[in-house]
Amino acid sequence: MTDYTRPLLLGYARRDLYLSAQHVTALKRELGRFAQLEGFAMGSVYLEDPETTPAVFQALVESVRRYEITTVVLPEWRHLALVGDPEAVKRQFERVTGARFVLHDPAP
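A short tour of the structure in this document, coming up. Since this is a predicted model, take the numbers as computed values, not measurements.

## Section: the environment of Gln36
No. 1: Here Gln36 lies in helix α1 (residues 21–37).
No. 2: In this structure, the C-alpha to C-alpha distance between Gln36 and Val96, residues 60 residues apart in sequence, is 27 Å.

In structure tokens, the structure reads:
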């Protein structure tokens, strides 16, 4: 259940960097815990496939604009590499949407 009293956090990741559906499910759980710890409500995690790039990224941008999302979490910067140079994608995304990317940093 989404907690509407907290700002919504979206996630973005490359599906091809995970070995199985179980790994993707584990990622979503980790991002949900990250959201809770950081004071967000976890929304959708957008999973990009190499065959359909950049369709999912474009859907993410549209959702960020539509729902006035301020933050999107990534597992690592390399997850942006399907769309382009990660640093350039980050700058363009943040300039166009006003939202920011943050990295999920799983504590050991």
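## So, the pairing of strand β2 (residues 41–48)
No. 1: For β2, a buried count of six out of eight residues is recorded, marking the element as mostly surrounded by other parts of the structure.
No. 2: Sheet topology places strand β1 (residues 8–14) next to β2; six bridges connect them, and they run parallel. What sits directly across from Tyr12, in β2, is Tyr46.

## Some details on the pattern of salt bridges
No. 1: In this structure the tally under the stated criterion is five salt bridges.
No. 2: With its nearest N and O atoms 3.6 Å apart, the salt bridge here joins Glu87 to Arg91. Taken together, the residues span about one helical turn, with Glu87 and Arg91 both in helix α3 (residues 86–97) at a distance of four residues.
No. 3: Owing to a relative accessible area of 42%, Glu87 belongs among the partly exposed residues under this scheme.
No. 4: The residue Lys90 makes a salt bridge to Glu94 at a minimum N-O spacing of 3.0 Å. Pair noted here: Lys90 and Glu94 are both in helix α3, with a separation of four residues, about one helical turn.
No. 5: Since its relative accessible area comes to 18%, Lys90 is described here as buried.
No. 6: Assessed through its relative accessible area of 22%, Glu94 is described here as partly exposed.

## Quick notes on the packing of aromatic side chains
No. 1: Using the criterion set out here, one finds four aromatic pairs in the structure.
No. 2: Both rings, one in Trp77 and one in Phe101, keep their centres 6.5 Å apart while their planes meet at 85°; by these two values the pair is edge-to-face. With Trp77 in the loop between β3 (71–74) and α3 and Phe101 in strand β4 (residues 100–103), the pair connects residues that are 24 residues apart, well separated along the chain.
No. 3: Residue Trp77 is classed as partly exposed on the basis of its relative accessible area of 31%.
No. 4: Phe101 gets classed as buried once you look at its relative accessible area, which sits at 5%.
No. 5: Aromatic rings pair up to connect Tyr12, Phe57, Trp77, Phe93 and Phe101 into one cluster.

## Some details on the side chain of Arg14
No. 1: Within the fold, Arg14 resides in strand β1.
No. 2: For Arg14, a relative accessible area of 13% translates into the label buried.

## Digging into unusual backbone geometry
No. 1: The residue after Thr53, namely Pro54, is reached through a cis peptide bond having omega 5°.
No. 2: Structurally, the position occupied by Pro54 is in the loop between β2 and α2 (55–66).
No. 3: Of note in this structure, Glu68 is not a glycine but carries a positive phi near 55°.
No. 4: Tracing the backbone through its elements, the reader meets Glu68 in the loop between α2 and β3.
No. 5: A residue is classified by how much of its surface remains accessible, and Glu68, at 65% relative accessible area, is exposed.

Cut-offs applied
Residues numbered from 1 in each chain as written. Predicted model: local features only at pLDDT ≥ 70, side-chain atom pairs only at ≥ 80, totals over all residues. Heavy atoms only, no water. Helix = DSSP H or I, 4+ residues; strand = E, 2+ residues; numbered from the N terminus. Buried < 20%, exposed > 50% of the residue type's maximum accessible area, 1.4 Å probe, protein only. Pairing = 2+ DSSP bridges. Salt bridge = Lys/Arg side-chain N within 4 Å of Asp/Glu carboxyl O. Phe/Tyr/Trp six-rings, centres within 6.5 Å; stacked < 30°, edge-to-face > 60°.

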